[in-house]
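# Observations on chain architecture
This is what each chain is made of:
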Amino acid sequence: MGDTFPRGGTAIAGLATFGIGEMPGFTSMELTAQAALLAVRDAGLTLPEVDALFICQPDDFFSGLSFAEYLGLQPRYTDNNRTGGSAFMSHIAVAAMMLDAGYIDCALIAYGSNQRSNGGKLATRISSNQWDAPYAPLFPLTSYALATARHMHEFGTTREDLAAVALSARAWANTNPEAFAKGPLTLEDCLSARMVSTPISVRDCCLVTDGAAAIVMTRTTRARDLAKRVVSVLGAAAATWWNSIAQAPDVTVTAASESGARAMAMAGVVPKDIRTAQLYDAFTINTILFLEDLGFCPKGEGGRFVSSGAIAPGGSLPVNTNGGGLSCCHPGMYGLFAVIEAARQIRGEAANQLADVDVALAHGNGGTLSSQATVVLGSPATL
Amino acid sequence: MSSPEAQWRAALAEGRLLLQRAPDGRVVFPPRLAAPGTGEVLEWFEASGRGTVYTLSWVNRKPPAEPYNVALIDLDEGARLMSRVEGVTPATLAIGMRVDAFVDQAEGAPLLLFQPVED
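Residues and elements named next belong to chain A. Taking strand neighbours across the sheet as the criterion, the 9 strands line up as 3-2-4-7-1-8-11-10-9 in an open arrangement whose pairing is mixed. Sheet topology places strand 3 (77-79) and strand 9 (276-279) at the edges, where each strand pairs with a single neighbour. When strand polarity is set aside, the average angle formed by the axes of neighbouring strands in this sheet is 20°. Here strand 10 (residues 359-366) runs beside strand 11 (residues 371-378); their pairing, made up of 8 bridges, is antiparallel. Within strand 11, the position partnered with Ala360 by the bridge is Leu377. Helix-sheet contacts for helix 8 (residues 256-267) involve strand 8 (231-240), strand 10 and strand 11, and the interaxial angle to strand 8 is about 150°. Against the sheet, helix 12 (residues 335-347) makes contact with strand 1 (10-21), strand 4 (107-113), strand 7 (210-219), strand 8, strand 9, strand 10 and strand 11, and its axis sits at roughly 120° relative to strand 1, the strand it touches most.

As structure tokens, this is what we get:
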């Protein structure tokens, strides 16, 4: 047993982003609350109808409690998990099961951070464990650098391949009004960028922005009577393989290979059925690893896949069509923004709208490639 | 029962690198109360200290501070750990390099480090 999932039984009925970029003077709580209110309104619902809260704020250990208090919610169920940027895909899995079981009727999943305006540093209290910390790896950057270096060594992945990920993200961002980092970016810009922790340069790193996101989930039967086109949850799976990168049996293979396969099996789809993938790109290597681990290209071929132009505008597999964490936004944790871009593509509301999007995938990453969670969303045609 | 982590640190302070072995032969680091995945009893043994660089990164700092390296080392006995390789430069440190452990006592707390070695 295991992996029984109510395929298509639940849906994203409402969604919103708020304050992407810079919102000086706002607290993380305020940004998140505004996104939540907009998402509830987007669904055509009212705040009192929300009876479950799923949240994971970067700067508030008890955010499930404080956010419920702020909005005046008294949820039947409150979830404040700590699996990092993949938390929101895990929230969707739990919410779908609870909605389908009738335990809850309306789930609010929210996130927000003012980390750019509030000092511009990653607003996390997480750090390396006591075994790694004496060697002063930059957290979390050096862990991703260790994975990148090994991927280059084993598979011949190049800095030009890494740059292709950043250039693709920028190309999508340039036509997305919501994206924070727009403007020309060249291969030479990437290759000459300041090296932070080899082989990762500043151009391989995600943005530091403000921003908030929220979605509202109901059973699909109810979502059909609400305001917007139904975006149903076809599958959702999470997998955790390690915390410290030093404990990875192979730093070039992540638990996305498990979460993706399981989520796609629940959804009854294979990679070629997926029209667009929104992949948590904290660093350029993430996109390459997840393309491989999710089955869009063979292991080791991710670098050549992205350098072929496959993920960029006009490519065979549009990836991070909002600009991703590299060029759209990255307010500390990006997972929910990937979900929203996938849902917007299915609704037909994306800034860079693709034609005929019936199946979209959103993949979240948490910790140092540690926790992976995948969600497969579908249009009404998939039900 | 004593703390496995305390035992490991006490040995390191004496210049010894301890590892644990599970009944199925797997070598475990960091030290634990029980074998990961099975909960079985672990046995201590002293490692040779020999290993191979699995992957590495040089962390740049504002000049004049020199960059320093962070490496994952595969010990010959089978465990992997994070450390730093001393006596190398970005030009000489490479994946696959053979290294040997030593305990640096200079910074107060004993610290496990590695240096290049010819096999």
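So much for the structure itself; the text now carries on.
Next up on the list: the nonpolar core. All names here are of chain A. One finds Ile215, Met217 and Leu291 to be the most contacted residues of the largest nonpolar core, which totals 137 residues. The leading source of residues in this core is helix 3 (residues 87-101), at 9 residues. Both domain 1 (10-120 + 209-234) and domain 2 (137-206 + 235-382) contribute no fewer than three residues apiece to this core. Look past the residues within four positions of Leu291 in its chain and what remains in contact with it is Leu279, Phe296, Cys297, Phe305, Val306, Ile311, Leu317 and Val319. Core analysis: the next-biggest nonpolar cluster, separate from the first, contains 29 residues, Ala13, Met23, Cys106 and Leu108 among them.

On to the interface of chain A and chain B, then. Contact residues are listed per partner, giving 25 residues for chain A and 26 residues for chain B. Carbon and sulfur atoms supply 59% of the area that chain A and chain B bury against each other, a total of about 2,200 Å² over both sides. The largest per-residue losses of area from chain A upon contact with chain B belong to Trp131, Tyr135 and Leu146 of chain A, which jointly make up 37% of the total buried on that side. The interface formed by chain A and chain B holds 0 salt bridges in total. The tally of links between chain A and chain B comes to 15 residue pairs in polar contact (both at pLDDT 80 or more). For the side of chain A that touches chain B, the secondary structure elements donating two or more residues are helix 4 (141-155) and strand 5 (195-197) of chain A. Counted by class, the side of chain A that touches chain B contains 16 nonpolar, 6 polar and 3 charged residues.

Another aspect to go through is the pattern of salt bridges. Using the criterion set out here, one finds 26 salt bridges over all chains in the structure. Arg347 of chain A is paired through a salt bridge with Glu349 of chain A; the nearest N and O atoms lie 3.1 Å apart. The salt bridge partner of Asp119 of chain B is Arg50 of chain B, with a shortest N-O separation of 2.8 Å. Here Asp119 of chain B is found in the segment after strand 8 (111-116), whereas its partner Arg50 of chain B is found in strand 4 (residues 50-59), with 69 residues between them in sequence. Connected through salt bridges with shared partners, the residues Arg50, Asp76, Arg98, Asp100 and Asp119 of chain B form a single ionic network.

Below, the discussion takes up the domain arrangement of chain A. All names here are of chain A. Looking at chain A, the domain boundaries give domain 1 (10-120 + 209-234) and domain 2 (137-206 + 235-382). Once you take the C-alpha centre of each, domain 1 and domain 2 turn out to be 22 Å apart. Taken together, the contacts link 42 residues of domain 1 with 42 residues of domain 2. Summing the contributions of domain 1 and of domain 2, the shared interface buries around 3,200 Å²; its carbon and sulfur component is 69%. For the pair domain 1 and domain 2, the number of links is 2 salt bridges. For the salt bridge of Arg347 with Asp42, the shortest nitrogen-to-oxygen distance reads 2.8 Å. In this assembly, domain 1 and domain 2 are joined by 16 residue pairs in polar contact (both at pLDDT 80 or more).

Rules of the game
Residues numbered from 1 in each chain as written. Chains lettered and ligands numbered in written order. Predicted model: local features only at pLDDT ≥ 70, side-chain atom pairs only at ≥ 80, totals over all residues. Heavy atoms only, no water. Pairing = 2+ DSSP bridges. Helix = DSSP H or I, 4+ residues; strand = E, 2+ residues; numbered from the N terminus. Axes fitted to C-alpha atoms, helices over the stretch in contact; angles between N-to-C directions. Contact = heavy atoms within 4.5 Å. Core = buried A, V, L, I, M, F, W, Y, C linked by side-chain atoms within 4.5 Å. Buried < 20%, exposed > 50% of the residue type's maximum accessible area, 1.4 Å probe, protein only. Domains from an automatic or database assignment. Buried area = accessible area lost by both parts, 1.4 Å probe. Salt bridge = Lys/Arg side-chain N within 4 Å of Asp/Glu carboxyl O. Polar contact = N/O pair within 3.5 Å; in protein donor to acceptor, adjacent residues only side chain to side chain. Nonpolar A, V, L, I, M, F, W, Y, C, P; charged D, E, K, R; others polar.

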